[in-house]
Every structure is written in structure tokens, then in C-alpha cells.
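Remarks on the overall topology
Residue-level listing of the chains:
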Amino acid sequence: MRIPIPRKLVFSLLIFSLFTISLYARPFVLVISQDDIKDASNSADTTQNDSAEWDEFGDSESHKSEEELDPGTWRPIFETESSAASEPGSEPDSLYYSGVEKMVKAVSSSDEGLMEEASSEIESAAGSGNPHARSVLAFLHSSGQMREKNKAKAFMYHYFAAEGGNMQSKMSLAYTYLKQDMYEKAVKLYSELAEVAVHSFLISKDSPVIEPVRIHNGAEENKEALRKSRGEEDEDFQILEYQAQKGNAGAMYRIGFFYYFGFRGLRRDHGKALYWFLKAVEKGEPRSMELLGEIYARGAGVERNYTKALEWLTLASKQQLYSAYNGMGYLYVKGYGVEKKNYTKAKEYFEKAAENEDAGGHYNLGVMYFKGIGVKRNVKLACEYFLVAANAGQPKAFFQLAKMFHTGVGLRKDLPMAAALYKLVAERGPWSSLSRWALESYLKGDIGKALLLYSRMAELGYEVAQSNSAWIIDKYGERSMCMGESGLCSDAERHQRAHFLWWQASEQGNEHAALLIGDAYYYGRGTERDYERAADAYMHAKAQSNAQAMFNLGYMYEHGQGLPLDLHLAKRYYDQALEVDSTAKLPVTLALMSLWIRKNYDDSFLVHMIDSLPEFYPKVEEWVENVLLEEGNATILTLCVCLLTVLYLRERQRRQAMAAAAAGDLPAPHHPIDHMAPVHH
């Protein structure tokens, strides 16, 4: 299967090679101009500076579980070992979880009756005031699953669910406000969500950025990414585990690392992580020492012990692992595991980490200078530290910069920028577990469950989930177990849902989605044909330097489809496609030839022939597919080709022999009639 390209774009040039397409939204690189940075005196904004919301070095003892941070989570259903699963709840809570569990089973087995029963239970729990049931009911109305597709009802249920404390409904509302440019409301919600996400981060060493896995590579399945997400079943992991068991310290560390952070499709398991880290440090592995310091500082799978944390971090730092200095600085600034707080020593350790390009060191120096902790307050310098940390992927730095843009402290107030940064952080909150469960379901072949989970995430504004959901619907069709308003989705419902999801993804920078939206409008797939909207979608992909979109726009300008007829602009877009992707040389050359013919021989036979190719090709394609590729006909055709090949080779051999004989290179062939019987006397 390949990415759909408008045939009119393809066959006016005979052929158009597929370009390599970026599969991800463009990376978020933060660039701030001098105009954005506000000069702040040491005494300026002291009220804001002393506010608790800026207290980054808050009391870590207040750490909450993921169930507390994300009330109504589906974790009890997907992780049966979760502590929340055994806790008794109210009757509406029980009805809510019963409904969600039945809904998950229904999409796995395509049981429409069970899905209706699940929807009724969820609606009943919502009627009893359960905010989490209201959130799921909003999801059903928003996507049109066993309930009327009604955006107004979906918004209403999300609103009351958010008022009742449901974080996923807050995510959905914030995303809705952001799309409508209602930045004040979006920022208010995203800031709350981002703060919850920050509370779920680690204490002294941040988890690596674990983005949701994109299960498709353009129009094909992303086999490499999926292979690396199979957890303990992955062959590479099994080899690594074998090496660890044989005493390889690096392998021990990597396995512990995977278990601690939940990498490579593994469930987080602090017990297994601790086991492998302890085995690794016996062989002097410094990175394991640092993470043992984190484990004891956090109390992850062990009793919290700051003294032991400092010991392990100190050992790691002596092995030239400079990031460990960041953890040590944190303990000194808090006074944990040491006699008393020591800001001077903390700053010294943060600087050592920062000098060796550790993002956490830059971030914590930013906090010290912003708050004036042990140093003279310098908001401008703090902002610079935060920028370095943010561009290295430090999520807490994004959070601090978002607050600065939000409040106008240190940076010029900019609500759109604040909303974008808060969203980046909020999407790493505990509700992102939906992505892991969706991927696990997909890898197990449970496509219906995967689609349900990705669809839920899509509603919360996750671009990867939006494209994954759309791709599953397009790829698997009826086998996607897509649920519609009154049962399994009809063809029209599937097309419309996939189209809507691709459009959402394209709005968030997914150029492949923008191309598919352009194709959908160009051909009227799942929507009415609309060349102008197709051109808009291609323009969106072109803005992300997509060569294929540039080529398509060149064709539309050449033929005046959805855009004014303009041969000069057509040439410009063809040229740009070649500049962006050198593999487009052949199709662009053919396109420019077509353009030259159209310009110099307008209304000639050649132009009419080129324009007729798009109409002629489908007939040829249909004949090839229905006649030649039919099993019996294909067999007969193959035999005929083989026979003709044999006859051709025999004839060629005979002619070569005759030519050689004529030239005297070989004796003339003997004929039986030339031999006479001996004469008997």
C-alpha cells in the first residue's frame, strides 16, 4: 500500500515518484527574540516571585499516585495490579467502571449489543453525577459511538466533568479552546494540567521524553518502531537480557533503565529496575549509581532515604557522570540527606552539571536566578538558562517558560505561546498511559481496543493518536471494529471519521495528514469533492517543506484546479519540489516538459493527449486489474509469455548458427540424406 496521490497529478507526467515523507510534526524549537525578554529589576514583581506557584523547590513529600493525579483513570481495567482496582467505590463509580470495561470488551469482539449495554451504564452513571462517566459519555457523543454525534452535548458533558475534577475532560476542553483561538480559557486549563504533569515527574533526574509511538510509516505499518515496542518478546531485548545474565554491566544497566522508565514496550517495574541496577553497580557501572540515587530520593519501590540517595549520587559523580551533580545540588538546595540547606554548594553542583551540557543543571540554575535563591535575582539570566534547558527537551523548563509568557514575568506576555508550551507539558501527564495501552493492544492484534484508546487520546489533542486512529480506520476498514451511532460503522461513517482525524492531525503539523486531506478533497473520498480545499490542504503541507505537496500545487496551477491558471507559478512549485527533494528530478523534468508544450503549443494535439491521460489511465488500470490479474487469466498469460520467449530464443539461436556457417566459422550442418549406404560387391 502506498500514499494516495491524485492520479491526475501522476499520469499527466507518466509517473511521479513517492517522496520520503516526514512522519512527525516538526520538532518544537523555542526561539525567543530580544523583544520578548523583559528587563526586570531585583525588586520587580516581588509578589509574583514569592507566590507559591513559583516554588519549584517545593515539598516533594506531597507526591501523589497516578490514580490520585488522574481520577477516573482506566488503569484498573488495563493494569489489574493497580492499587485502585481493589479499592471499593461508590455505586456510580462501580457502574462507571463496569460500563468502561464492557465498552472495551465490546470493541474487541465487535459486540454491538454489549456496546449498547456499556453505553447505557455509562449514561446512567453520568446521570447520577459521576464526572468520569460524564467524560466518557462526552467522548461517545463527540465521536458518534452508540450515541448521536453531537458536539454541543459532548462539550456540555466535558464541561461538567471538568468541573467535577476529571482531568481528561479538562484536556479535551483546553484543546477545543485552543483550536478556536480562545487562548485565555485554553491557558487556564492547560496550566492546571501542566502543573499536575510536573508533579508526576521525577525528583532529581527527569524521565526521557517518551513520545507516543506512531504505528504507521506514511501509508505503511511502521514495522521497525513496532518491533522495538514488543517488550520482553522483542528479540533484541532477549539478547540484551542474555548478555546481562552473563555479567555484562552495560546490559544490566540498560535493562534496569528500560524497566525503570517503561521503555521499549515494557511496563514500569521498579523492583526489576532496582535488581538490575544493584547488579550493575557491583561491576562499577556509574549510570546505575545515579539512578539508584534517584530511586532512593523518590522512594520508588524502596523506602525513601535521602542519605542513601546522596551516597549513590556522590559515587556516580566521582565516576565523571556529571548529570549526578544535578541530583546532588537538588538535595543541598532542599536540605535533604545533609545537615542543612547549602545554596552555595547547590549552585556549585548545578554549574558543574550545566558546564557538561546537562539540561537539569541549566534548569535548576534558572530556578535559582529567577527566585534569587542563594544568588542575586536575575530574571534575564534565568530566562536564558530555561531556554537552553527547554531546547534540550527539559519539560520543567517548558513549564517555567510557559508561566513566564502567561504572567508576563520576565517575558513579554504571549498567551498563544503560553498555551503551546503548557500543552507540551500537559501531554506528558499520567493520562498519557492511554498511549501505552493502545500500543500494547495493537501489538496483540486487538485492533478494536487500540482504535478506542487512540480515539480517546485524539479527543484530548494528541496529534500522534489522531493520525494513528485515522490510519487504523483506513488500513483495516471493517476489521477496525469502528463503532458508529447505531452499531458498527458504515462505509460513510468510517470515511468521515478518518477524514476528521486526518484533518485534526494536519492542523497540528502532520504533513502526511495534510496530503491525505488534500487527496480526500481532490477525489471526494469521505467528503464532497472540493479543489479549493484540496489546494488549502496541499498549501498546509507545502508550508512544512513537503516536496510532494509542492508538486501537486504545481499541477493544480498548471490546470487551474482550485487555483488560478498560472503557468509561471506552476513552474515555480515544480522547481521548489526539486530543490526540496532531489529524487524528484525525473517527475519534475517531465512536468516541465508538459508545461513547455502547454505554453508553446496551446490547444494542440499534444496538449489534448496529455490532458486525456488521467481519463485513459483508470480504464487501463481497471483492465489490468480485472482481466490480466484475474488468477486464471494471469496463469494463461504467463504460459503464453514463456512460450513466446522459448520460440524467440530458439529462432535467435538458429539465425546465429546460420550466420556463423555463412561466414565460414563453422562447418555446414550435415544432413542425413548426404550419407549413402555402402556398396556391396
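Residues numbered from 1 in each chain as written. Predicted model: local features only at pLDDT ≥ 70, side-chain atom pairs only at ≥ 80, totals over all residues. Heavy atoms only, no water.

1. Topic: the overall build of the protein chain
Regarding its fold elements, the protein chain presents 33 helices and 2 strands. Counting across all 681 residues of the protein chain, residues that qualify as buried make up 49%. Sequence-distant contacts in the protein chain: of pairs separated by 6 or more residues, those separated by 24 or more amount to 61%. Counting only carbon and sulfur atoms, one obtains 52% of the accessible surface of the protein chain, whose full area is about 32,900 Å². (Helix = DSSP H or I, 4+ residues; strand = E, 2+ residues; numbered from the N terminus. Buried < 20%, exposed > 50% of the residue type's maximum accessible area, 1.4 Å probe, protein only. Contact = heavy atoms within 4.5 Å. Areas by Shrake-Rupley, 256 points an atom, 1.4 Å probe, with all protein chains shown as cover.)

2. Side note on empty space enclosed by the protein
A complete count under the given rule lists 3 cavities of 30 Å³ or more for this structure. Of the voids in this model, the second largest cavity is the one considered here, and its volume is about 60 Å³. Per-element accounting of the lining of the second largest cavity gives the leading share, 4 residues, to helix α24 (residues 447-459). Residues of the lining of the second largest cavity, tallied by class, amount to 6 nonpolar, 3 polar and 1 charged. (1 Å grid on protein atoms, 1.4 Å probe; cavity = no way out; pocket = protein on both sides within 12 Å on 5 of 7 lines; lining within 4 Å. Points joined across faces, edges and corners; volume = space filled by probe spheres on them. Nonpolar A, V, L, I, M, F, W, Y, C, P; charged D, E, K, R; others polar.)

3. Re the environment of P131
Mapped onto the fold, P131 is located in helix α7 (residues 131-143). In this structure, the C-alpha to C-alpha distance between P131 and D93, residues 38 residues apart in sequence, is 9.5 Å. Setting aside its immediate chain neighbours within four residues, P131 contacts A161, G164 and N166.

4. With respect to the nonpolar core
Within the largest apolar cluster, 180 residues are counted, with the highest numbers of intra-cluster contacts made by W74, V100, M103, Y190, L401, Y442 and I472. Filtering out sequence-adjacent residues up to four positions away, I472 remains in contact with I215, Y442, I447, A450, L451, Y454, G477 and S480. (Core = buried A, V, L, I, M, F, W, Y, C linked by side-chain atoms within 4.5 Å.)

5. What about the packing of helix α5 (residues 91-109) against helix α6 (residues 112-127)?
Between α5 and α6, the least distance of the axes is 8 Å, while the angle of their chain directions is 155 degrees. In terms of orientation, α5 and α6 fall into the roughly antiparallel class. For α5 against α6, the interelement crossing comes out left-handed. Mapping the contact onto sequence places P92, L95, Y96, S98, G99, V100, K102, M103, K105, A106 and V107 in α5 and L114, M115, E117, A118, E121, I122, S124 and A125 in α6. (Axes fitted to C-alpha atoms, helices over the stretch in contact; angles between N-to-C directions. Parallel < 35°, antiparallel > 145°, perpendicular 65-115°, else oblique. Left-handed = near helix turned anticlockwise from the far one by under 90°.)

6. Things to note about helix α13 (residues 249-261)
Its 13 residues place the ends of α13 18 Å apart at the C-alpha level, agreeing with the 18 Å of an ideal helix rising 1.5 Å per residue. Burial runs high along α13: 11 of the 13 residues are buried. Every buried residue of α13 is listed here: A249, A251, M252, Y253, I255, G256, F257, F258, Y259, Y260 and F261. Those residues of α13 that are buried are in contact with α12 (235-245), α14 (270-281) and α15 (286-298). Among the residues of α13, the N-terminal cap falls to N248, whose side-chain oxygen and the backbone nitrogen of G250 are separated by 3.0 Å. (Expected span 1.5 Å × (residues − 1). Polar contact = N/O pair within 3.5 Å; in protein donor to acceptor, adjacent residues only side chain to side chain.)

7. Points about helix α31 (residues 585-600)
Taking 1.5 Å of rise per residue, 16 residues should cover 22 Å, and α31 covers 22 Å from first to last C-alpha, within 8% of that figure. Those residues of α31 not exposed but buried are P587, V588, L590, A591, S594, L595, I597 and R598.

8. Quick look at the environment of F350
Following the sequence through the fold, F350 ends up in helix α18 (residues 343-355). When the C-alpha positions of F350 and A324 are compared, they lie 9.5 Å apart, and in sequence the two are 26 residues distant.

9. Quick notes on the pattern of salt bridges
Under the criterion given, the structure shown has 23 salt bridges. A salt bridge links R267 to E440, with the shortest nitrogen-to-oxygen separation between them at 2.8 Å. Of the two residues, R267 is situated in the loop between α13 and α14 and E440 in helix α23 (residues 433-443); the sequence distance between them amounts to 173 residues. R267 sits in the partly exposed class, given a relative accessible area of 26%. Taken together, the salt bridges that share partners define one network made up of E224, R227, D234, D236 and R264. (Salt bridge = Lys/Arg side-chain N within 4 Å of Asp/Glu carboxyl O.)

10. Let's talk about the packing of aromatic side chains
All told, the structure shown has 29 aromatic pairs when counted by the stated rule. Taking 5.3 Å as the distance between ring centres and 75 degrees as the angle between the ring planes, the aromatic pair formed by F257 and F263 counts as edge-to-face. Among the residues examined, F257 registers a relative accessible area of 15% and is labelled buried. With centroids separated by 4.3 Å and ring planes inclined at 15 degrees, the aromatic side chains of Y306 and Y336 adopt a geometry described as stacked. Here Y306 is found in helix α16 (residues 306-318), whereas its partner Y336 is found in the loop between α17 (323-334) and α18, with 30 residues between them in sequence. (Phe/Tyr/Trp six-rings, centres within 6.5 Å; stacked < 30°, edge-to-face > 60°.)

11. Comments concerning unusual backbone geometry
The phi torsion at E357 lies on the positive side, around 65 degrees, for a residue other than glycine. One can find E357 in the loop between α18 and α19 (359-371). Look at E357 and you get exposed, because its relative accessible area is 74%.

12. Here's the deal with the packing of α15 against α16
Axis separation between α15 and α16 bottoms out at 7 Å; the angle between their running directions is 160 degrees. As judged from the angle between their axes, α15 and α16 are roughly antiparallel. In the packing of α15 onto α16, the handedness of the crossing is left-handed. Of the residues in α16, those touching α15 at P286, M289, E290, L292, G293, Y296 and A297 are Y306, K308, A309, W312, L313, L315 and A316.

13. Focus: the side chain of S455
Tracing the chain through its elements places S455 in helix α24. According to the relative accessible area criterion, S455 is buried, its value standing at 12%. Setting aside residues no more than four positions away along its own chain, S455 makes contact with F139 and S469.

14. Examining the confidence of the model for the protein chain
Of the residues in the protein chain, 78% reach a pLDDT of 70 or more, and the chain-wide mean stands at 81. Of all helices and strands in the protein chain, the one with the weakest mean pLDDT is helix α1 (residues 7-11) (34), whereas helix α9 (residues 167-179) scores best (97). Low pLDDT (under 50) marks residues 1-27, which in the prediction has 89 contacts with non-local residues, meaning those over four places away or in another chain. Contacts of residues 203-209 to residues separated by more than four positions or lying in other chains number 27 contacts, the stretch itself having pLDDT below 50. (pLDDT = per-residue confidence, 0-100.)

15. A short note on the side chain of D414
The residue D414 is located in the loop between α21 (395-407) and α22 (415-426) in this model. There is no salt bridge for the buried D414, and the closest opposite charge comes from R412, which lies 4.3 Å off by N-O distance. A polar contact of 3.2 Å, which involves the side chain of D414, links it to the backbone nitrogen of M417. (Lys, Arg positive; Asp, Glu negative; His and termini not counted.)

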